Amino acid sequence: MAWLLVVIAGLLETGFAVCLKLSHGFTRLWPTIAFASFALGSFGLLTLALRKLDVGPAYAVWTGIGAAGTAIYGMVFLGDVVSTLKIVSITLVIAGVIGLQLSGSAH
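Residues numbered from 1 in each chain as written. Predicted model: local features only at pLDDT ≥ 70, side-chain atom pairs only at ≥ 80, totals over all residues. Heavy atoms only, no water.

As recorded in an unreviewed UniProt entry, the protein goes by the name DMT family transporter, listed as coming from Streptomyces litmocidini. Taken from UniProt, the Subcellular location (unreviewed entry) comment for the protein reads in full: "Cell membrane". Check the Sequence similarities (unreviewed entry) section of the UniProt entry for the protein; it says "Belongs to the drug/metabolite transporter (DMT) superfamily. Small multidrug resistance (SMR) (TC 2.A.7.1) family." (UniProt positions renumbered as here; feature names shortened; annotations may be inferred.)

So, about the confidence of the model for the protein. Here the protein shows a mean pLDDT of 93. Residues at 70 or above account for 96%. The spread of mean pLDDT over the elements of the protein runs between helix H4 (residues 84–103), the lowest at 90, and helix H2 (residues 29–49), the highest at 98. (pLDDT = per-residue confidence, 0-100. Helix = DSSP H or I, 4+ residues; strand = E, 2+ residues; numbered from the N terminus.)

Moving on, we come to the packing of aromatic side chains. The tally for this structure, following the rule as stated, stands at 6 aromatic pairs. Ring centres 5.9 Å apart and planes at 25° place the aromatic pair phenylalanine 16 and phenylalanine 43 in the stacked group. With phenylalanine 16 in helix H1 (residues 2–22) and phenylalanine 43 in helix H2, the pair connects residues that are 27 residues apart, well separated along the chain. On the basis of relative accessible area, phenylalanine 16 is assigned to the buried category, the value being 13%. (Phe/Tyr/Trp six-rings, centres within 6.5 Å; stacked < 30°, edge-to-face > 60°. Buried < 20%, exposed > 50% of the residue type's maximum accessible area, 1.4 Å probe, protein only.)

Counting 19 residues, the largest nonpolar core has Trp3, Val6, Ala49, Leu53, Val61 and Trp62 as its most contacted members. When contributions to this core are tallied by element, the ones reaching two or more residues are H1, H2 and helix H3 (55–77). At 8 residues, the largest contribution of residues to this core is made by H1. (Core = buried A, V, L, I, M, F, W, Y, C linked by side-chain atoms within 4.5 Å.)

The next point concerns the side chain of serine 23. For serine 23, the location among the structural elements is in the loop between H1 and H2. Residue class for serine 23 comes out buried when judged on its relative accessible area of 0%. Polar contacts involving the side chain of serine 23 include one to the main-chain carbonyl oxygen of leucine 20, which spans 2.8 Å. Once residues within four sequence positions are removed from consideration, serine 23 is found in contact with Arg28, Pro31 and Thr32. (Polar contact = N/O pair within 3.5 Å; in protein donor to acceptor, adjacent residues only side chain to side chain. Contact = heavy atoms within 4.5 Å.)

Below is the structure:
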């Protein structure tokens, strides 16, 4: 259950990163509100998960999901440049996330 919270928190991290860009420096109301909501949800779920999980693997999985998710979203929906190196790098991040998730131990 704790790992599921980390995964959801990582997806919410993607949401807050995208909304941060869309807020244009907190000058647009709804993306700013969405940013704050996603950020609070993400940090809240990560905090709950850290009650049961080691901080190193959990934090790495959280940031890995957020980084990969944000990069993919940017390429698909925001016109970010797509390159072979970027795709390979995202794949390596995801592989690392899976490895760290498998290595994490519950208390």
